[in-house]
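# Reading the structure
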Amino acid sequence: TPRPRVLSGIQPTADSFHLGNYLGALRNWVPLQDTHDAFYCVVDLHAITIPQDPAVLRRRTRVSAAQLLAIGLDPERSTLFVQSHVPEHAQLAWVMNCLTGFGEAGRMTQFKDKSGKQGADSTSVGLFTYPILQAADILLYQADAVPVGEDQRQHLELTRDLAQRFNHRYGQTFTVPAPHIIKDTAKITDLQEPTAKMSKSASSPNGIIELLETPSRSGKKIKSAVTDTGRDIVFDPENKPGIANLLTIYSALTGRTIEDLTGAYDGKGYGDLKKDLAAVVVDFVTPIQERTKTYLDDPAQLDKVLAAGAEKAREVSAATLATVYDRIGF
Ligand code: ADP
Ligand code: NA
């Protein structure tokens, strides 16, 4: 029997992924390559829903792809591509736009959050229809499952509604995707504001650990991470969110349980924990940084990998779109 198909994407909107992206999402992409038929894309069409400098966007798309390869995505075992290289995404998105109610789109809470920060005049219609493009991304590949965090649940619901609506109106065309809930997903918080999530858009530079920053920079950030005034290293996210966050990162990067860690640090101080965590982070990011550099130093090879990925993706997406166009009457 064929493996269930899974699709996931990440925006190229930073020069480095941060530990929240990695531990909350990207890390889970790697083992899915062995159990699923996995499609992964760098979603540059989504990135331009907010203004992007062309040279910066081009650089970040490549850096994102290189980092995905560096963390263990294997183009032989999964399909890795850049969204804009596959024109069917934009084409199916138009069809989905015409299938979505205006009020239905308006109920997407992430849009309300994001546009609220920008004001109506600097908010693009693309940001409004972002979840509809996301639906097209998923449905094009007939994905059975989509790895989702809590923040993406509403968008996946919309995707399911659109798939069912199209199937009902035009005949069975799309697989209705199910959420793929990942058990061990870590929620990483801001080092300076440990009750808020670590985020490239919301955190201060000292609040996030980037995969590609220098070890000394990460080390300084960890050492200046906000903790409480106590001394005991216990896992208590309610009352000691800063220490809990450091323990969560430590555990996720080493595979050691929280219990093992709190046992090992019994009687030691916050300084010891921070110093050791800084070393753990360095050990973790160093090989990722080296592999990322290798991919970026050979642009022709990276182009080749991404072109092959786009070609594999188009085998599926072009077939889906052809069926859709036919059903619609094009
Ligand atoms: P950011 O919040 O930095 O803008 P994105 O919204 O682009 O990051 O998130 C990309 C992926 O990383 C999403 O799947 C999101 O759920 C995950 N993610 C982002 N920040 C965190 C975090 N602090 N903890 C866990 N997962 C996160
Ligand atoms: Na975000």
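Residues numbered from 1 in each chain as written. Chains lettered and ligands numbered in written order. Predicted model: local features only at pLDDT ≥ 70, side-chain atom pairs only at ≥ 80, totals over all residues. Heavy atoms only, no water.

### A closer look at the overall build of the chain
Within the chain one finds 13 helices and five strands. Relative to a compact globule of 330 residues, whose C-alpha radius of gyration would be 20 Å, the chain shows 21 Å and is just as compact. Here the C-alpha coordinates of the chain stretch approximately 70 × 45 × 45 Å along the principal axes. Per-residue burial for the chain yields a buried fraction of 48% across its 330 residues. Counting only contacts in the chain whose residues sit at least 6 apart along the sequence, the fraction spanning at least 24 positions is 75%. Of the side chains in the chain, 36 bear a positive and 39 a negative charge, and the two mean positions are spaced by 2 Å. (Helix = DSSP H or I, 4+ residues; strand = E, 2+ residues; numbered from the N terminus. Rg over C-alpha atoms; globule rule 2.2 N^0.38 Å. Buried < 20%, exposed > 50% of the residue type's maximum accessible area, 1.4 Å probe, protein only. Contact = heavy atoms within 4.5 Å. Lys, Arg positive; Asp, Glu negative; His and termini not counted. Charge placed at Lys NZ, Arg CZ, Asp CG, Glu CD.)

### A short note on the site of ligand 1
Close contacts around ligand 1 come from 15 residues, with H18, G20, I188, M198 and K200 the closest. Within the contact set of ligand 1, an oxygen atom lies 2.7 Å away from a side-chain nitrogen or oxygen of H18. Between ligand 1 and K200, the relevant distance is 2.7 Å, taken from an oxygen atom to a main-chain nitrogen or oxygen of the residue. Tallied by class, residues from the shell around ligand 1 come to five nonpolar, six polar and four charged. (Near = heavy atom within 4 Å. Polar contact = N/O pair within 3.5 Å; in protein donor to acceptor, adjacent residues only side chain to side chain. Nonpolar A, V, L, I, M, F, W, Y, C, P; charged D, E, K, R; others polar.)

### Description of the packing of helix 9 (residues 215–223) against helix 12 (residues 270–296)
Between two packed helices, what matters for the description is the angle formed by their axes and the separation of those axes. Across the interface, helix 9 lies against helix 12 with an axial gap of 9 Å and an inter-helix angle of 150°. When the axis of helix 9 is compared with that of helix 12, the two are roughly antiparallel. Classified by chirality, the crossing of helix 12 by helix 9 is right-handed. Contacts from P215, S218, G219, I222 and K223 of helix 9 reach helix 12 at K274, K275, L277, A278, V281, V282 and Q289. Split by residue class, the contact of helix 9 with helix 12 holds six nonpolar, three polar and three charged. (Axes fitted to C-alpha atoms, helices over the stretch in contact; angles between N-to-C directions. Parallel < 35°, antiparallel > 145°, perpendicular 65-115°, else oblique. Left-handed = near helix turned anticlockwise from the far one by under 90°.)

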